[in-house]
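Architecture at a glance
Residue-level listing of the chains:
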Amino acid sequence: MFALSEQERRFFEMNYGVKAYLRPMFVDYDKIMPATYGEKISLRRKWGFEEDDIIILTYGGNPLYRGVQYLPLVLKRCGNRKLKIVATSLPTSWIRPLRERGILALPRISDAEYLELLKLSDLFILLLHPAFKPLGIQMSVAEALAAELPVTSPSLIHYPNLDKVERLGGLIPYIDDLHKAHKAVSTICEAISHLHTFN
């Protein structure tokens, strides 16, 4: 068995009694690069966004474990008319209800399309259930960091330099109740208001 972080390796060995080997995740830094200003604007036009929209990207996957149900709350509490949230890789049953609440909900898309969305976005968020805690930093978070997007996610707890996490976007709690969801949304709103300060 392979693990993506030392914490995940220990978790597998302690809880499942199997020998796990560390294999850090691979992000192709030749493919995932920060967008130039011109590229970002061009991609926004291609996808139907305005130049001055504030675009948040998230990866849906298994929606209940990735906090997709809280995206309308983010839009309501942090939103202004320029805030747009894009959620990818969603099951069909989630798309229409989220779109009705103002979220650009998408099914699984190609890697090339996902890369375009990374490049046109201003912030990447990933809301996670505590079941993800032992699994290390999520691949979508690592890809967003490679694209030099600010990131707000609980999986940043696995970032090698925890003292620098706040400069990346923001550490939020793993969410298994509404109180933690509201706390996470407050941190996301704060990140949106300080997008220009992240590096």
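Here the structure is shown first, and the text comes after it.
Here the structure is a predicted model, which is why all the values come from computation and not from measurement.

**Brief notes about the pattern of salt bridges**
Scanning all chains against the criterion turns up nine salt bridges. Between E13 and K19 there is a salt bridge, with its nearest N and O atoms 3.9 Å apart. The exposure class assigned to K19 is exposed, which follows from its relative accessible area of 52%. Across the pair K82 and D53 runs a salt bridge, and its minimum N-O distance is 3.5 Å. Of this pair, K82 sits in the loop between helix 3 (71–78) and strand 4 (83–88) while D53 is found in the loop between helix 2 (37–47) and strand 3 (54–59), placing the two residues 29 residues apart along the sequence. The same class applies to K82 as to D53, namely buried. The network of salt bridges with common partners includes K40, R44 and D122.

**A short note on the nonpolar core**
Formed by 31 residues in total, the largest nonpolar core has its most connected members in L118 and F124. Secondary structure elements with two or more residues in this core: strand 3, helix 5 (111–120), helix 6 (139–146) and helix 7 (165–168). Looking at this core, the element that brings in the most residues is helix 5, giving five residues. Beyond its immediate sequence surroundings of up to four residues, L118 is in contact with I32, L57, E143, A144 and L149. Listed in part, the 30 residues of the second largest apolar core include L75, L90, L98 and V185.

**A word on helix 1 (residues 6–16)**
In an α-helix there are 3.6 residues to a turn, and that puts residues three or four apart on one side. The set of residues buried in helix 1 consists of E8, R9 and F12. Seen from one end, helix 1 has its buried residues packed into an arc of 105°, which puts them on one side. Positive phi appears at G17, one or two residues downstream of helix 1, with a value of about 65°.

What counts, and at which threshold
- Residues numbered from 1 in each chain as written.
- Predicted model: local features only at pLDDT ≥ 70, side-chain atom pairs only at ≥ 80, totals over all residues.
- Heavy atoms only, no water.
- Salt bridge = Lys/Arg side-chain N within 4 Å of Asp/Glu carboxyl O.
- Buried < 20%, exposed > 50% of the residue type's maximum accessible area, 1.4 Å probe, protein only.
- Helix = DSSP H or I, 4+ residues; strand = E, 2+ residues; numbered from the N terminus.
- Core = buried A, V, L, I, M, F, W, Y, C linked by side-chain atoms within 4.5 Å.
- Contact = heavy atoms within 4.5 Å.
- Arc of directions from axis to C-beta.

Everything listed here is a matter of coordinates, which is why it stays silent on function.
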